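# Observations on the model geometry
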Amino acid sequence: KSIPRCRRINRMLSNESLHAPAFSRSNSQASVDSASMEDFWREIESINESSVGVQGEQPAPEVKPVDGELEAEWLQDVGLSTLLSGEEEEAGKALLSTLTRTQAAAVQKRYHTYTQTLRRKSKPPVRDVRDVFGLSEAPPDASCDNHTTQLAGDQEEKQLPEVFQTSGPVPEEASLDSPALCNGSPEEEGSFAEPGHSSVSILEAVPDIPVHANGAAESGQTDPSVLSDDDYLEKNISTEAEELSFEVSYSEMVTEAPKRNKLKKSEIKKEDYTLTKFIVQKTRFGLTEAGDLSAEDMKKIRHLSLIELTAFFDAFGIQLKRNKTEKVKGRDNGIFGVPLTVLLDNDHKKDPAVKVPLVLQKFFEKVEESGLESEGIFRLSGCTAKVKQYREELDAKFNADKFKWDKMCHREAAVMLKAFFRELPTSLFPVEYIPAFVALMESGSHVRVQLQALHLMVMALPDANRDTAQALMTFFNKVIANESKNRMSVWNISTVMAPNLFFSRGKHSDCEELLLANTAAHILRLMLKYQKILWKVPSFLITQVRRMNEATMLLKKQLPSVKKLLRRKTMEREATSPKASKVLQKSPSARRMSDVPEGVIRVHAPLFSKVSMAIQLNSHTRAKDILAKFQFENSHGSSECIKIQNQRLYEIGGNIGQHCLDPDAYVLDVYHVNPHAEWVIKPQ
């Protein structure tokens, strides 16, 4: 015990050949060599010393959750608190009506565990799981276990479970009994169960129908000009590059794979270039950034992402979360130890549009000014006395704009940046998910699988965490771009920064810390490598959000008779019946009464001299074409030309809150999915 921790851990790593650990180089993509991990453990020692010196905090033992607490917390986190309270909420019903088969199984499994726990405590649940999901007497756990074990067996005859989607609009006059929300033939009997005395049935049957990908071009409509996102997809794709699809639910893809063990396993090595290259093809809907959607729709994305992430790990027989989320009350003022949301609330008084704490942006600027080429910039500890002085001054003076930034050098800024993240009340990334990622990597999973899990985790982050993490990855990639001079590679940044971004206040054994260290560093490495993919919103989640909004509108519209209307099918048949889809689209009842004919949209541009224009859409009209048309019409003054460069086309309302369209999106396709939207050109 007298040996410093970094030496003890490195000694353990150097003896890997003598004692094959569970997380060895032979069966894990996250294994790293002892020389590289020395930076990690040195950082841990530095954190321990500074935490005792500054705050006097000592690690606390992890508190194991009481039976049912994890499930109740999870249901709250995914927006299904209505299942706990028994109240009738449109949002909860709408969410449940959009779930895929694997997502519904994940909800069912946790709600069943929760209700069983209440029964053991002699507390009747507010709803029986069979009332919610219309199940038979067979226990849900059995079906979920069978669903998991099927992965290892032969699934050649297994159909791909359905991804619920809206490939066309819901008519204004549609009801919950109408075929517009039906996803099966008249002969299929999937329906809502009759509500009981104290329960409301939400979902009874999910038909097993093949997926139709959201946003994919119809047969014969593929456009070679929209193959890739130029920001991060190479035009000359190597033979080793793999395509990553956003169109189908990740958990559905995993359960559909008939022979998972035959997937190529990637060995993660120190060299960054050994990581698999992925490409994402643009569909006719383009690609969507997290910031392109409204706050309300992103909240739904978070809920769906957490359900999907849970279902994804369920498919591998892995429990996503084993301990309750650490909840530490942060400070109400100052800079260090203050929750991100509190910092942003203060910053909004200066700049209402800010998404990343201003103090963090200043740290980035100080390092970028003179430290990008400084060797070992994030390994150096800086002057302890100066760091302590700056901390106190920032806490006291920053919000009043009285702190003198010119006296701080890049080394102190780098130290303060690390301290800022490790002293947050809760870690930037959910450390309680790390054991699940450990298990996933120990299973020898392909990097694609790890990337999909990480993608869902990023989408499930709170807005403040996700936006801050994106800014942080952008900043770190600027540091890495100067690797030849600062000696900070993806590998180095990952091992040094992981303990500051994934921290736990619980006590762990050395072996446990080794697993957590390897995994945290590997996750950060994937974030840095695939940053421009991870912050794109998967289109299958956007489809579910559209369905949620449609279902919510119908539930509100027909609230007086909602109990009578609950007994019906939930999904549209349009995905598998193009003829019915065309009838719906051309039906006068399916469109808002207006003077705008079919296929014509009226675009509003309130900031320009020509504020409105009717545009006839065709299969080749892209969002950037409409922007160019407005630019041409308003090009009489030079100021108009300058302004249009910062404008984007938005679809607003209908089945989406607000959606900033990709310039390459084909507007007619978006129009068919959301014909009741308004179209506005405004600054992004």
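As the structure is a prediction and not an experimental result, all values here were calculated from the model.

Turning to the overall build of the chain, a few remarks are in order. Helices and strands together make up the secondary structure of the chain, namely 27 helices and 7 strands. The buried share among the 684 residues of the chain stands at 54%. Here the analysis covers contacts within the chain between residues at least 6 apart in sequence; of these, 81% occur between residues at least 24 apart.

Let us now look at the pairing of strand E6 (residues 656–660). Pairing analysis gives 4 bridges linking strand E5 (residues 647–653) to E6, with the strands arranged antiparallel. Residue pairing in the sheet places glycine 653 in a bridge with isoleucine 656 of E6. Taking the residues that link successive antiparallel strands as the turn, the E5-E6 hairpin has 2 residues, and the phi of glycine 654 there is positive, at about 75 degrees.

So, about the packing of helix H10 (residues 295–315) against helix H16 (residues 447–460). Contact geometry of H10 with H16 gives a least axis separation of 7 Å together with a crossing angle of 150 degrees. Between H10 and H16, the angle falls in the class roughly antiparallel. Here the hand of the crossing between H10 and H16 comes out left-handed. In contact with Ile301, Arg302, Ser305, Leu306, Glu308, Leu309, Phe312 and Phe313 of H10, H16 contributes Val449, Gln452, Ala453, Leu456, Met457, Met459 and Ala460. For the contact of H10 with H16, the residue count by class is 11 nonpolar, 2 polar and 2 charged.

Scanning all chains against the criterion turns up 23 salt bridges. As a salt-bridge pair, glutamate 365 and lysine 362 come within 3.5 Å of each other at their nearest N and O atoms. With glutamate 365 and lysine 362 both in helix H12 (residues 358–370) and 3 residues apart, this pair spans about one turn of that helix. Residue class for glutamate 365 comes out partly exposed when judged on its relative accessible area of 36%. For glutamate 373, the salt bridge is made with lysine 485, and the minimal N-O distance between the two is 3.5 Å. Placement of the pair is glutamate 373 in the loop between H12 and helix H13 (384–397) and lysine 485 in helix H18 (residues 483–486), with a sequence separation of 112 residues.

If you walk through the whole model with that rule in mind, you get 16 aromatic pairs. Aromatic side chains phenylalanine 363 and tryptophan 405 sit 5.8 Å apart centroid to centroid with 75 degrees between the ring planes, which places their arrangement in the edge-to-face category. Within this pair, whereas phenylalanine 363 is found in helix H12, its partner tryptophan 405 is found in the loop between H13 and helix H14 (410–422), the two being separated by 42 residues in sequence. What makes phenylalanine 363 buried here is its relative accessible area of 0%. A ring pair is formed by phenylalanine 403 and tryptophan 405, whose centres lie 4.9 Å apart and whose planes are at 75 degrees; its orientation type is edge-to-face. With respect to burial, phenylalanine 403 and tryptophan 405 carry one shared label: buried. These aromatic residues form a ring-pair network of at least three members: Phe363, Tyr390, Phe398, Phe403 and Trp405. Here the guanidinium or amino end of arginine 391 rests over the ring plane of phenylalanine 336, the centre of that ring lying 4.5 Å away. Positioned over the ring face of tryptophan 491 is arginine 525, at 3.9 Å from the centre of the ring.

Here 5 strands make up an open sheet; going across it, the order is E4-E3-E7-E5-E6 and the pairing mixed. The sheet is open, and its two borders are formed by strand E4 (612–616) and E6, each paired with just one other strand. In this sheet, adjacent strand axes meet at a mean angle of 25 degrees when their direction is disregarded. Of the strands in this sheet, E5 and E6 are in contact with helix H22 (residues 539–557), which crosses E6 at around 150 degrees.

The next subject is the nonpolar core. Nonpolar side chains in soluble globular proteins generally cluster together in the buried interior. In terms of nonpolar packing, the biggest core is built from 124 residues, with Phe363, Phe378, Leu394, Leu417, Phe420 and Phe429 touching the most fellow members. Apart from the residues lying within four places of it in its own chain, the contact partners of phenylalanine 429 are Met457, Leu461, Ala469, Met473, Leu501, Phe502 and Met527. Core analysis: the second largest hydrophobic core is formed by 23 residues, Val603, Ile626, Val673 and Ala677 among them.

Once that is clear, we can look at the pairing of strand E3 (residues 600–604). Inspection of the sheet shows E3 paired to E4 by 5 bridges, in the antiparallel sense. Of the residues in E4, the one forming a bridge with valine 600 is glutamine 616. Bridge analysis of E3 against strand E7 (residues 678–683) gives 2 bridges, and the strand direction is parallel. Of the residues in E7, the one forming a bridge with valine 603 is tryptophan 679.

Moving on: helix H19 (residues 490–501). H19 sits mainly inside the fold: 12 of its 12 residues count as buried. Along H19, the residues that are buried comprise Val490, Trp491, Asn492, Ile493, Ser494, Thr495, Val496, Met497, Ala498, Pro499, Asn500 and Leu501.

A few words on the environment of arginine 302. Along the chain, arginine 302 turns up in helix H10. With a relative accessible area of 18%, arginine 302 lands in the buried category. Residues arginine 302 and leucine 541, 239 residues apart in the sequence, show an inter-C-alpha distance of 9.5 Å. What arginine 302 contacts, discounting residues up to four positions off in sequence, is Met459, Ala460, Leu461, Pro462, Asp463 and Arg466.

Relative to the assigned elements, lysine 532 resides in helix H21 (residues 531–534). Residues lysine 532 and glutamate 289, spaced 243 residues apart in sequence, show a C-alpha to C-alpha distance of 9.4 Å.

All buried positions along helix H25 (residues 623–633) are accounted for by Ala623, Ile626, Leu627 and Phe630. Down the axis of H25, the buried side of the element spans an arc of 100 degrees, and every buried residue falls inside it.

In this structure, aspartate 401 is a non-glycine residue whose phi angle is positive, near 60 degrees. As for its position among the elements, aspartate 401 is in the loop between H13 and H14. A relative accessible area of 59% means that aspartate 401 is categorised as exposed. Phi at arginine 487 is positive, roughly 60 degrees, even though this residue is not glycine. Inspection of the secondary structure assignment puts arginine 487 in the loop between H18 and H19.

Conventions used here
- Residues numbered from 1 in each chain as written.
- Predicted model: local features only at pLDDT ≥ 70, side-chain atom pairs only at ≥ 80, totals over all residues.
- Heavy atoms only, no water.
- Helix = DSSP H or I, 4+ residues; strand = E, 2+ residues; numbered from the N terminus.
- Buried < 20%, exposed > 50% of the residue type's maximum accessible area, 1.4 Å probe, protein only.
- Contact = heavy atoms within 4.5 Å.
- Pairing = 2+ DSSP bridges.
- Axes fitted to C-alpha atoms, helices over the stretch in contact; angles between N-to-C directions.
- Parallel < 35°, antiparallel > 145°, perpendicular 65-115°, else oblique.
- Left-handed = near helix turned anticlockwise from the far one by under 90°.
- Nonpolar A, V, L, I, M, F, W, Y, C, P; charged D, E, K, R; others polar.
- Salt bridge = Lys/Arg side-chain N within 4 Å of Asp/Glu carboxyl O.
- Phe/Tyr/Trp six-rings, centres within 6.5 Å; stacked < 30°, edge-to-face > 60°.
- Lys NZ or Arg CZ within 6 Å of the ring centre and 35° of its normal.
- Core = buried A, V, L, I, M, F, W, Y, C linked by side-chain atoms within 4.5 Å.
- Arc of directions from axis to C-beta.

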